[in-house]
Amino acid sequence: MSRLLISWSTIVVLLGLGVAPAVGNTPFSLTPTFDVEIGNDAQIGPGNSSATGSGMGIRNVATRRRVSYATYDVTGVRNAGQVFLNVSLSNFGHDPGTVNVYGVLESVEHLVAQGINWNNAPGVKNNPTPPLDTDVVLDPADLTEILLTFSAPARGVRASTDVSQKLADFLNSDTNGFVALMLAPEGSANAIVRTIEMGADGGTRLQGEVGGQPVTARDPNPADQATDVYIGIALSWTPGTTAAAHNVYLGTSFADVNTASAGQPGNVVSSLGQSESVYSPAGPLAYGQTYYWRVDEVNGPPDRTVYRGNVWSFTTEPLLYRVQGIVAKASSAEAAAGPERTIDGSGLTGDLHGTGESTMWISGKAGTQPVWIQYEFDNVYKLREMWVWNYNGVFESFLGFGFKDVTIEYSANGTDWTLLKDAQFARAPGQDSYAHNTTVDFGGAAARFVKLTAKSNWGGVARQCGLSEVRFLYTPTYASHPNPAAGKTGVSPDPELQWRPGREAATHQVYFGTDAQAANLAATTTQPNYDPGPLDLAKTYYWKVAEVNAAQTPSTWPGSVWSFTTSEFLVVDDFESYTDDEGSRIYETWIDGWDVAANGSQVGYAQAPFAERAIVHGGRQAMPLAFDNSGTATYSEAQRTFAAPQDWTPHGVKTIALYFYGPAANTVGTVYAKIDGKKVAYAGAADDLKKAAWVQWRIDLSAFGTNLKSIKSLAIGVEGAGALGTLFLDDIQLRP
């Protein structure tokens, strides 16, 4: 459909609004945020970098073994749903020569910053550092393939390279808005390009256009560099717009995943040509392991182009977790050396303890005997280990205040105590960098309280006893990580409840309801998910999961109560999904009066962008509906016909709401809505059509008098002889 024709009345309205339709893609030109020259030669030295301001040297000649880097901030360049196109570099020359450009992979691009040198830079061989003045050798594990090769311009000349699709693809794979490029010599080349420090004429500029739709995989789940990831996770991502298939690579080596390809997957797990944008590893992943993964998007025939994805990473949940939120109390304590010192991390550097006495607990000189210290957790935990750093004062080697023979007890309620064992704690050395040297095996005891009673200390003379630090580790047995997250709002009224299961659970008892104090047992499942069925809009629900295994003691671990609130409305159309591409333009869904003499409406603008980008109620787009009820036109109406009949009765839906905006230049008519041909007119003030403000219009669905379980079409229009102007529409919603 061509939109090159438009009525003079519509042009007048558009000019009155100051709307200037954009044409084509949006160009950009970025100067570097940082650039640097590093070398493995005697002049710079592998531990230094060059920031003289004269230029970035790219050399591989005697006494000049150098590469350079430039970084760019692309966060403000690309809007949602856009990709980089026609990308090139614009260089200001100093010494000519041939240069190869590589992308620095996102996992190591943060190293391209102040302090970078040959010894710590990504992309060059530096472990071990090669001899000075030897040939430049690159490290492909940190780099993409060559994205672009160019000849540096002559001195004082600025010249742009050819456009590079590989460079555009690299930019499209970016997930954090920061990109780093390496400029390296080709063969024995010698080249210099002016740098950002040279002023307005300097800098290797990154230039091109943005537009269209993204073609690479993005939005990884788990997020890049996420930690504490469930070992049973299914990996997912948002696919590229044109992707017909996906090649997935997963492994524990960045280098292996980075270099894997469909023809040579190497030492990684791969799933080639899969149709779904979800990948479930075969069997659970390993505890505490860092994994790397990549998704290449593959076009369908005839081109079958492969768009390489970024390498993402995540680290799985640990085998054991550390108990947090502990309260400590003791039989007595010296001033400024209370029992809380044993659980607050004071004195620890990493996992090594110092000798500062104010960072430890010690009982009072005249304190009651026997000396004891007790720990209370925020819940009952299945304890596996206790790590002990004994008292580690400077004179501990002969004073011996540290616990020696110890009675260890535990309790689930603080009243009924069970003896775990009598044990001996190892003596501390009285020196800095002291690693814990006692590990107590709790064997999975269910405990909320632990009490340590000293029967003796290592000195055997003074009655005081003390500890530096203790740490409790447990196996997670409760349901955790609820999805929807606890307290989340705007949840779909058709949710699937999911959670991370307790490690020993055989079944899961799900309690669900609208009363936090009286959620009923809704189901017992063998999988960590539950479908509660359709829910009402704008309502808060409460749920919890009890993890059950009759073969374990205790057999049941009751969970916390979580809540979520469903969204306030369902979206009929928010106009965000329309693009300027054929097949997804706004006027191809909302059919106007383009070829109907009696219908004076026109949806969208004559040129791209076809949707409205400035006057919006929510998001980034609204629908412009030009109306002109003159001449042969007696009404102006746009209609959307649904691909499948819609049921507008679930979830407590009772009304349809929409927002409209009429500029002051409009002439008055009557706004109306139709469902399957049944019309309801706007009952508000007639001047709302030219109020120059967003107006919400709510309509009781029963007023349409049609079958709400099978809605086939929705139309919005303006009637009234002579009505002329533009109506902007946004956020059509179903509400309770």
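In this convention, every chain numbers its residues from 1, walking through the sequence in written order. Side-chain atom pairs in this predicted model are given and counted only at pLDDT of 80 or more, local residue features only at pLDDT of at least 70, and totals for whole chains, interfaces and linings cover all residues. As a rule here, side-chain values cover all heavy atoms of the structure and leave hydrogens and water aside.

## Re the sheet that holds strand E49 (residues 678–681)
Moving on, step 1. Strand order in the open sheet formed by five strands is E43-E46-E51-E48-E49, with antiparallel pairing between adjacent strands. Each of the sheet's edge strands pairs with one partner strand only, and the pair in question is strand E43 (590–591) and E49.
Moving on, step 2. Relative to strand E46 (residues 635–646), E43 runs antiparallel, the two being bridged by two bridges. Across the sheet, the residue bridging to Trp-590 is Arg-640, located in E46. Paired strands, as defined in this entry, are two strands with at least two bridges between them according to DSSP. Numbered from the N terminus, helices here are DSSP runs of H or I no shorter than four residues, and strands are runs of E no shorter than two.

## Points about the pattern of salt bridges
Moving on, step 1. Any carboxyl oxygen of Asp or Glu that lies within 4 Å of a side-chain nitrogen of Lys or Arg is treated as forming a salt bridge with it. Within the structure shown, the criterion is met by 23 salt bridges.
Moving on, step 2. Between Asp-135 and Arg-65 there is a salt bridge, and its shortest N-O distance comes to 3.0 Å. With Asp-135 in the loop between strand E7 (98–104) and strand E8 (143–151) and Arg-65 in strand E5 (residues 64–73), the pair connects residues that are 70 residues apart, well separated along the chain.
Moving on, step 3. The buried label applies to any residue whose accessible area, calculated with a 1.4 Å probe on protein chains only, is under 20% of its type's maximum; exposed applies above 50%, and partly exposed to all values in between. Arg-65 gets classed as buried once you look at its relative accessible area, which sits at 10%.
Moving on, step 4. Its salt-bridge partner being Glu-317, residue Arg-503 comes within 3.0 Å of it at the nearest N-O pair. Residue Arg-503 is located in the loop between strand E35 (497–500) and strand E36 (507–513), and its partner Glu-317 is located in the loop between strand E21 (311–316) and strand E22 (321–322); the two are separated by 186 residues in the primary sequence.
Moving on, step 5. For Arg-503, a relative accessible area of 24% translates into the label partly exposed.
Moving on, step 6. Glu-317 sits in the buried class, given a relative accessible area of 3%.
Moving on, step 7. Through salt bridges with shared partners, a single network forms among Asp-228, Glu-317, Arg-500 and Arg-503.

## Looking at the confidence of the model for the protein chain
Moving on, step 1. You can read pLDDT as the predictor saying how much it trusts each residue, on a scale of 0 to 100. Put simply, the protein chain has an average pLDDT of 92, and 96% of its residues get 70 or more.
Moving on, step 2. Low pLDDT, under 50, characterises residues 1–23; the stretch is placed with 38 contacts to residues that sit more than four places away or in other chains. Here, residues are in contact when the closest pair of their heavy atoms is within 4.5 Å.

## Some thoughts on the packing of aromatic side chains
Moving on, step 1. Aromatic pairs are defined between Phe, Tyr and Trp rings, using the six-membered ring for Trp, whenever the two ring centres lie within 6.5 Å; interplanar angles under 30 degrees are classed as stacked, those over 60 as edge-to-face, and all others as tilted. Per the stated rule, a full pass over the model turns up 32 aromatic pairs.
Moving on, step 2. Both rings, one in Tyr-381 and one in Tyr-474, keep their centres 4.5 Å apart while their planes meet at 55 degrees; by these two values the pair is tilted. In this pair, Tyr-381 sits in strand E27 (residues 372–390) while Tyr-474 sits in strand E32 (residues 466–475), placing the two residues 93 residues apart along the sequence. An identical accessibility class is assigned to Tyr-381 and Tyr-474; each is buried.
Moving on, step 3. Here Phe-642 and Trp-648 contribute two aromatic rings whose centre-to-centre distance is 6.0 Å and whose plane-to-plane angle is 75 degrees, an arrangement assigned as edge-to-face.
Moving on, step 4. Take Phe-642: its relative accessible area is 10%, and that puts it in the buried class.
Moving on, step 5. In this structure, Lys-404 packs its charged tip against the face of Trp-458, placed 4.8 Å from the ring centre. By definition, being over a ring means that NZ of Lys or CZ of Arg is both within 6 Å of the ring centre and within 35 degrees of the ring normal.

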